[in-house]
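# Reading the structure
Chain by chain, the residues:
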Amino acid sequence: MRRIVWFRRDLRIDDNPLLSLEGDLLPIFIFDTHILSSLKADDRRVTFIFNALFQLKSSLQQLGLDLAVFYGEPTEIFRYLLAHAHFDEVSASGDYDAYALQRDRQISHLLTFNYINDTYIFRSDEILKPDGTPYLVFSPYYNRVKSLFRPEHMREFFPKTHALIPFDYSPLHCVQRSHYTPKPLSLESIGFIPQILTSSQQRSPYTKLDQFADKLDHYSKNRDFLALDATSELSIDLRFGTVSIRHVLRWLTTQKNRGVDTEPFFRQLIFREFYAMLLAHFPHLSNRNFRYNFAGRENEAYFKAFCTAQTGVPIVDAGIRELLESGEMHNRVRMIVASFFTKNLLLPWQWGEAFFAEHLNDYDASSNSLSWQWSAGTGIDPQPYFRIFNPYTQSAKFDPDGVYIHRWLPELAGIPAKTLHCEERLSALALTGYPAPIVNHKMSSEKALHYFKSHKNVL
Ligand SMILES: Cc1cc2nc3c(=O)[nH]c(=O)nc-3n(C[C@H](O)[C@H](O)[C@H](O)COP(=O)(O)OP(=O)(O)OC[C@H]3O[C@@H](n4cnc5c(N)ncnc54)[C@H](O)[C@@H]3O)c2cc1C
């Protein structure tokens, strides 16, 4: 059996089911021009991927294997490979967003496609209602997960001994418009500029788990507080598969056996599963509402103020500044800014989703679009449309001393926390160098409620 093993969202050798398959292997990674063409040259995620690839290549070499890296459009690359050698199949772990599903379908017309379940705990058809349809509400989905979860879902995969298929593994293989050009294997060869990565992008997932062990017991109590370092920071590793989800589960079991309450963290991991399952069943959810015809109102001036951290609402601007400067944003802040965007500003959620997609280091199509739909109240299992976060009470509750706001908005250094959390006081200040709030919370919420009530027609 001659197999192409295609690494995508599983950039590691540890606990990787691809390497437990039999046969002679050609391990590959593709820099997909369809995805790269929409990214800016200074995109931090591409540097992260590049570093992870070098690590993967060297780990594979230690197993007597290697990694061939391609640049181009995946279908064309598969045609190129098949024109030069015989392969029996390609094996890859599942990727459920709409583009990935369509790309894999095209490749399956060229070569037998062996789809492996690795990125998520469950296959997308594994946790369904008794009538075989997908769950649309999280709580019953979660209960079903708990009743179907078995030790096999945490099983560890070990690499087999393989013969490496002869190939030139050193250059970057560029295949474009039927032309083949070998180039040096560097970021510059694919048009990107190396970036300095954030601490979260630099630390190994295993170090993160070690550091998180002491915080896990207080996760539920602390995770919403913006100045506390209380979460795992694993989202980027789960996104690119630099750690296996099963390894995280086994680690969690060890913690549970030590008497730690692991359920709150497990529940968050299952949100990730729920959103991936939904996108696999309803690919149109990446850009279309599930239920209501809330389209929002297109307002370029509001959108610009939001994207440049100039809304005059400190917690919102602090979150956007964090995103722009680091590619990261605390989950609670993501919820606050998405609510402000879709309700106080009444902007189309798709605009906010695309803005996050451009900047988030952990951007994931399913978690991002479904979370935006949840915030906008348009989707499956949404928060009710009439629930509108008050950004000032949210910041008073979750950033009481204004530590997070001051960190990201140094221009507000002299403003006491009490003022930052009070719309009236803030609006009365007339600051230089920081704008007055672009909307009043009460008035904009009433306008949004009126809009939602009159657009509540079920699609
Ligand atoms: C508007 C909005 C957009 C979002 N976009 C993304 C995205 O593009 N990519 C992404 O990975 N997460 C997204 N999230 C979910 C969440 O904010 C991040 O997963 C979390 O902040 C990552 O930090 P952490 O790894 O320290 O999380 P922890 O609190 O340590 O949680 C552990 C893991 O559980 C998963 N998880 C936690 N919360 C959620 C959640 N609400 N939904 C889905 N999975 C979750 C993540 O994989 C996370 O790494 C979004 C949330 C909102 C409200």
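Within every chain, residues take consecutive numbers counted from 1 along the sequence as written. Predicted model: local features are reported for residues with pLDDT of at least 70 only, side-chain atom pairs are reported and counted for 80 or more only, and whole-chain, interface and lining totals are derived from all residues. Computation of side-chain values: all heavy atoms of the structure, hydrogens and water removed.

## Quick look at the overall build of the protein chain
- Broken down by element type, the protein chain carries 21 helices and 7 strands.
- On C-alpha atoms alone, the protein chain measures out to a radius of gyration of 23 Å, which is about the 23 Å that the 2.2 N^0.38 rule sets for 459 residues.
- The classification of residues rests on relative accessible area computed with a 1.4 Å probe and restricted to protein chains. Under 20% of the type maximum is buried, over 50% is exposed, and intermediate values are partly exposed. Counting only residues that meet the buried cut, the protein chain has 55% of its 459 residues in that class.
- Contacts in the protein chain between residues far apart in sequence, at least 24 positions, make up 75% of those at least 6 positions apart.
- For accessible areas, the Shrake-Rupley method is used with a probe of radius 1.4 Å. Any residue's cover is judged against the shown protein chains and nothing else. Here the protein chain displays about 20100 Å² of accessible surface, and carbon together with sulfur accounts for 53% of that area.
- For the protein chain, the distance from the average position of its 50 positive side-chain charges to the average position of its 51 negative side-chain charges is 5 Å. Elements are defined by DSSP. Helices are runs of H or I of four residues or more, strands are runs of E of two residues or more, and each kind is numbered from the N terminus. Put simply, the radius of gyration uses C-alpha atoms, and a globule should come to 2.2 Å times the residue count raised to 0.38. In what follows, a contact means two residues having at least one pair of non-hydrogen atoms within 4.5 Å. Only four residue types enter the tally: Lys and Arg on the positive side, Asp and Glu on the negative side; His and the chain ends are excluded. The atom standing in for a charge is NZ when the residue is Lys, CZ when it is Arg, CG when it is Asp and CD when it is Glu.

## So, the pattern of salt bridges
- Any carboxyl oxygen of Asp or Glu that lies within 4 Å of a side-chain nitrogen of Lys or Arg is treated as forming a salt bridge with it. In this structure the tally under the stated criterion is 27 salt bridges.
- In this structure, Arg246 engages Asp15 in a salt bridge whose closest nitrogen and oxygen atoms are separated by 3.3 Å. Here Arg246 is found in helix α10 (residues 245-257), whereas its partner Asp15 is found in the loop between β1 (2-6) and β2 (24-32), with 231 residues between them in sequence. Across the pair, exposure class does not vary: Arg246 and Asp15 are buried alike.
- Residue Asp15 is joined to Arg250 by a salt bridge in which the shortest nitrogen-to-oxygen separation is 3.1 Å. Placement of Asp15 in the loop between β1 and β2 and of Arg250 in helix α10 is noted, with a sequence separation of 235 residues between them.
- Three or more residues are tied together by salt bridges with common partners; here these are Arg8, Arg9, Asp32, Asp95, Arg103, Asp104 and Asp364.

## Examining the site of the ligand
- We call a residue near a given molecule or strand whenever any one of its heavy atoms falls within 4 Å of it. Taken together, 26 residues lie around the ligand, and Tyr219, Thr231, Ser232, Glu233 and Asn331 are the ones closest in.
- Here a polar contact means two N or O atoms within 3.5 Å. Within protein one must be a hydrogen donor candidate and the other an acceptor candidate, and residues neighboring in sequence count only if both atoms are side-chain atoms. Between Asn368 and the ligand, the recorded distance is 3.0 Å, taken from a side-chain N or O atom to a nitrogen atom.
- When isolated, the ligand has an accessible area of 810 Å², and the protein chains bury 94% of it.
- Those elements that provide at least two residues to the shell around the ligand are α9 (235-240), α11 (263-281), α14 (331-344) and α16 (365-376).
- Broken down by element, the residue count for the shell around the ligand peaks at 6 residues, all from α11.
- Partitioning the shell around the ligand into residue classes produces 13 nonpolar, 8 polar and 5 charged.
- Residue ranges for the domains originate in an automatic or database domain assignment. Taken together, domain 2 (120-154 + 205-279) and domain 3 (300-454) each give at least three residues to the shell around the ligand, which thus spans both. Basically, the charged four are Asp, Glu, Lys and Arg, the nonpolar ten are Ala, Val, Leu, Ile, Met, Phe, Trp, Tyr, Cys and Pro, and anything else, Gly included, counts as polar.

## Topic: unusual backbone geometry
- Phi angles above zero are rare outside glycine, and Asp15 is one such case at about 50°.
- Here Ala430, not a glycine, exhibits a phi torsion of approximately 50°, which is positive.
- Secondary-structure assignment places Ala430 in the loop between α20 (423-428) and α21 (441-454).

## What to know about α16
- Multiplying 1.5 Å by the helix residue count minus one yields the expected span of that helix. The end-to-end C-alpha separation of α16 is 16 Å, in line with the 16 Å expected for 12 residues at 1.5 Å each.
- Across the 12 residues that make up α16, a large majority, 9, are buried.
- Where the residues of α16 are buried, they touch α11, α14, α15 (349-359) and α21.
- Taken from the residues just after α16, Gly377 is the one with a positive phi, measuring 75°.

## Quick word on the pairing of strand β5 (residues 112-116)
- Two strands qualify as a pair provided that DSSP identifies no fewer than 2 bridges between them. Taken together, the 5 bridges between strand β4 (residues 89-93) and β5 define a ladder with parallel strand orientation. Across the sheet, the residue bridging to Ser91 is Asn114, located in β5.
- Where the polypeptide runs from β4 across helix α4 (residues 98-108) and back to β5, its parallel neighbour, the crossover connection is right-handed. The path from the first strand over the helix to the second decides the hand: if it runs clockwise while the strands point away from the viewer, the crossover is right-handed.

## Considering the domain arrangement of the protein chain
- Structurally, the protein chain comprises domain 1 (1-118), domain 2 (120-154 + 205-279) and domain 3 (300-454).
- Summarising the inter-unit geometry, the C-alpha centres of domain 1 and domain 2 are found 26 Å apart.
- When two components associate, each loses some accessible surface as probed by a 1.4 Å sphere; the sum of these losses over both components is called the buried area. Across the domain 1/domain 2 interface, buried area totals approximately 1600 Å², and carbon plus sulfur atoms make up 51% of it.
- Contact with domain 2 buries area across many residues of domain 1, yet Arg9, Phe48 and Tyr96 alone supply 42% of it, more than any other trio.

## Focus on the environment of Leu269
- Residue placement: Leu269 occurs in helix α11.
- For the pair formed by Leu269 and Leu238, sequence separation is 31 residues and the distance between their alpha carbons is 9.8 Å.
- When residues no more than four places from it in sequence are discounted, the contact partners of Leu269 are Leu238, Ile245, Val248, Leu249 and Leu252.

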